[in-house]
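Chain residues, written in single-letter form:
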Amino acid sequence: MLEALWERRALLVSGKGGVGKTTLAAALAVAAARSGRTVLLAELAPEEEGPSPLARRVGAREAGPRVTRVRPGLHFVRLSAAEGHRRFLERALPARWLADAALRTRALRRFLEAGPALREMGLMYQMLALLRLTRPDGRFVHPLAVVDLPATGHALALAALPQRVLSLMPGGPIGRDVREGLDFLQDPARTAVVLTSLPEPLPVSEALTVAAELRRLELPLSVAVLNRMPEDPFTPESRAALRRLLAAHGPHQGSHALARIERARAASARLSRALRAPLLTLPELPVTGPALVDALAAGFAPRAEEALPREALP
Ligand SMILES: Nc1ncnc2c1ncn2[C@@H]1O[C@H](COP(=O)(O)OP(=O)(O)OP(=O)(O)O)[C@@H](O)[C@H]1O
Ligand SMILES: [Mg+2]
């Protein structure tokens, strides 16, 4: 399932608040880099200032609009609306210095920063500009990007945005770029939305709402992830026996654990029934931060050297 994901150009990790988007985005990028790919881990945050939880998860020292190298194969960027605005002014105006000069105009800057739609357009513009970059030999500089999307409506508005912008300016270089960006985001061969949820009833309901919105925007939902699945050591028979035992002996701590496992199983069944996308489950692990990212990444992809056939090793 993951092999198919690595063939895409952009993995957009979405989901409601606190379900594990940042952790999952970091783990996917680390796994891709470990398997020998070149990957750009991008943060699309509601705020562009302050500490970056995503940078911390992978040990990136710098979190800004400039792409920085974290380790071999892994790069990090915090997408910036201002950077995107500069790029689209460059496209719209005949010279770069004009774009810089235009951006220095306080009135224009205030206009671009005022509307959330224009901010999102700037963020998307920078992301697509990075994905378009090529080397002199024609290969992409960033063949694969993993994007940590915010929990709020921003992420989805981002996709609705090109349609709105297109209706305002269908022609010209910006209109063309936006159309190209929309084609990119809606193309299942290039973009994969990774919808993340927790294995509990309310988060699953929320994930299904997001899935419906993705369908409306024609964004390709490629995989649903149920994160923090509790370990289930039981067979159906032992589970039934345990349930009888707990029922006979009244409330017990074990009842909570068993109930949680059963809710998780129900959540998984409900998600697979409702979505046409494959479902991936990730375990609840007793670690946090970079250690959690590494452990989840190890589950996704063996290290490149481990993946090589034995005779290929020195
Ligand atoms: N598989 C897991 N096992 C254990 N803890 C986890 C797991 N996945 C995530 N967590 C923990 O859950 C918390 C939320 O995770 P994370 O920050 O990745 O979520 P998020 O969806 O990015 O949140 P937000 O919407 O606030 O950006 C973190 O404390 C993280 O360590
Ligand atoms: Mg997050």
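An unreviewed UniProt entry annotates the chain as arsenite-transporting ATPase originating from Corallococcus macrosporus DSM 14697. Listed in UniProt under the heading Catalytic activity (unreviewed entry), the comment for the chain reads: "arsenite(in) + ATP + H2O = arsenite(out) + ADP + phosphate + H(+)".

Novice: Help me understand unusual backbone geometry, please; the structure alone is not making it clear to me.
Specialist: Peptide bonds are, in most cases, trans, and in most cases residues other than glycine have a negative phi. A positive phi angle is found at Glu218, which is not glycine, with a value near 60 degrees. On the secondary structure map, Glu218 appears in the loop between helix H10 (201-216) and strand E7 (221-229). Among the residues examined, Glu218 registers a relative accessible area of 52% and is labelled exposed. Positive phi is not limited to glycine here, since Arg228 has a value of about 65 degrees. With respect to the helices, strands and loops of the structure, Arg228 is situated in strand E7. Judged by relative accessible area, Arg228 falls into the partly exposed class, the value being 40%.

Novice: Just checking my understanding: could you explain the sheet that holds E7 for this structure?
Specialist: Two pairing modes exist for strands in a sheet, parallel and antiparallel, and in both the strands are linked by backbone hydrogen bonds. One open sheet accounts for eight strands, arranged E3-E4-E2-E5-E1-E6-E7-E8; its pairing is mixed. Edge positions in the sheet fall to strand E3 (68-71) and strand E8 (279-283), since each has one partner strand and no second. Strand after strand, the sheet turns through a mean of 25 degrees between neighbouring axes, direction not considered. For strand E1 (residues 10-15) and strand E5 (residues 144-148), the ladder comprises four bridges, and the chain directions are parallel. Each bridged residue has a counterpart across the sheet, and for Leu12 the counterpart in E5 is Val147. Across the face of the sheet, H10 comes into contact with E1, strand E6 (191-197) and E7 while running at roughly 160 degrees to E6.

Novice: Looking at this model, I keep getting lost on the pattern of salt bridges. Mind explaining?
Specialist: Pairing is possible between side chains that carry opposite charge, provided their charged atoms lie close to one another. Considering all chains together, one arrives at 18 salt bridges under this definition. The salt bridge partner of Arg190 is Asp187, with a shortest N-O separation of 2.7 Å. Connected through salt bridges with shared partners, the residues Glu83, Arg86, Arg87 and Glu90 form a single ionic network.

Calculation notes
Residues numbered from 1 in each chain as written. Chains lettered and ligands numbered in written order. Predicted model: local features only at pLDDT ≥ 70, side-chain atom pairs only at ≥ 80, totals over all residues. Heavy atoms only, no water. UniProt positions renumbered as here; feature names shortened; annotations may be inferred. Helix = DSSP H or I, 4+ residues; strand = E, 2+ residues; numbered from the N terminus. Buried < 20%, exposed > 50% of the residue type's maximum accessible area, 1.4 Å probe, protein only. Pairing = 2+ DSSP bridges. Axes fitted to C-alpha atoms, helices over the stretch in contact; angles between N-to-C directions. Contact = heavy atoms within 4.5 Å. Salt bridge = Lys/Arg side-chain N within 4 Å of Asp/Glu carboxyl O.

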